[in-house]
Amino acid sequence: MTDTTYNGWTNYETWNVSLYINNEYEIYMTALEWVKNRLWDNQSVDYDTFRHTLNSLFGDKTPDGVWWDDDTLNHQELTEMLHELVEG
């Protein structure tokens, strides 16, 4: 059986976005505070909404050139990853 994922993620683009959210301190802290604030205010936490914050604070793409709103991103996986920031 062939593994069609990229390091456990749907594709390279999803992995790359997750990589930067989880490993670049300023992006990580922004994501963590954003998730905490959304949960505190009983608002939904989803990547589709968070990507606007990424665009406004960090430009249109990751340092590797992947667009924060790339059409191939798996938003469900990225949303789950955002929730895991506060569950861990």
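Sequence order sets the numbering: in each chain, residues are counted from 1 along the sequence as written. Residue-level local features of this predicted model are given only where pLDDT is at least 70; pairs of side-chain atoms are given and counted only at 80 or more, and the full residue set underlies all totals for whole chains, interfaces and linings. Hydrogens and water molecules were not included; the side-chain quantities draw on all heavy atoms of the structure.

*Asks:* Would you take a moment to explain unusual backbone geometry for this structure?
*Replies:* Negative phi characterises most residues that are not glycine, and trans characterises most peptide bonds. Positive phi values are uncommon outside glycine, yet N7 reaches one of about 50 degrees. Helix and strand assignments come from DSSP, with helices taken as H or I runs of at least 4 residues and strands as E runs of at least 2, each series counted from the N terminus. Relative to the assigned elements, N7 resides in the segment before helix 1 (12–23).

*Asks:* What exactly am I supposed to notice about helix 3 (residues 47–58) here?
*Replies:* Owing to its 3.6 residues per turn, the α-helix aligns residues three or four sequence positions apart on the same side. Residue exposure (1.4 Å probe, protein chains only): buried if accessible area is under 20% of the type maximum, exposed if over 50%, otherwise partly exposed. Residues of helix 3 that are buried include every one of Y47, F50, R51, T53 and L54, and no others. Along the long axis of helix 3, the arc covered by the buried residues comes to 160 degrees, so they all point the same way. Only heavy atoms matter for contacts: two residues are in contact if any of them lie within 4.5 Å across the pair. Elements in contact with the buried residues of helix 3: helix 1, helix 2 (25–40) and helix 4 (75–87). For helix 3, the side-chain oxygen to backbone nitrogen distance between the N-cap and D48 is 3.3 Å, and the N-cap itself is D46. Directly beyond the C-terminal end of helix 3, a positive phi value near 90 degrees is found at G59. As used here, the arc is the angular range of directions from the helix axis to the C-beta atoms. Identification of polar contacts relies on pairs of N or O atoms within 3.5 Å, with a donor-acceptor requirement for protein atoms, meaning one able to donate a hydrogen and the other able to accept it, and with residues adjacent in sequence counted only if both atoms are side-chain atoms.

*Asks:* Explain helix 2 to me, please; I cannot follow it from the model alone.
*Replies:* The end-to-end C-alpha distance of helix 2, which contains 16 residues, comes to 22 Å, matching closely the 22 Å that a straight helix rising 1.5 Å per residue would cover. Taken residue by residue, helix 2 has I27, T30, A31, L32, W34, V35 and R38 as its buried positions. Contacts from the buried residues of helix 2 go to helix 1, helix 3 and helix 4. Note on helix 2: the residue one or two positions beyond its end, N42, has a positive phi of about 55 degrees. For a helix, the expected span equals 1.5 Å multiplied by the number of residues minus one.

*Asks:* What should I look at first to understand the pattern of salt bridges in this one?
*Replies:* Oppositely charged side chains are able to pair whenever their charged atoms sit close together. Only one rule defines a salt bridge in this text: a Lys or Arg side-chain nitrogen within 4 Å of an Asp or Glu carboxyl oxygen. Evaluated as defined, the whole model comprises 2 salt bridges. The salt bridge partner of D48 is R51, with a shortest N-O separation of 2.8 Å. Of this pair, D48 and R51 both sit in helix 3, 3 residues apart, which is roughly one turn of that helix. Residue class for D48 comes out partly exposed when judged on its relative accessible area of 35%. The buried category is assigned to R51, whose relative accessible area is 15%. Salt-bridge contacts for D69 lead to R51; the nearest nitrogen and oxygen are separated by 3.8 Å. Taken together, the residues span a long stretch of sequence, with D69 in the loop between helix 3 and helix 4 and R51 in helix 3 at a distance of 18 residues. Among the charged side chains, a network of salt bridges with common partners joins D48, R51 and D69.

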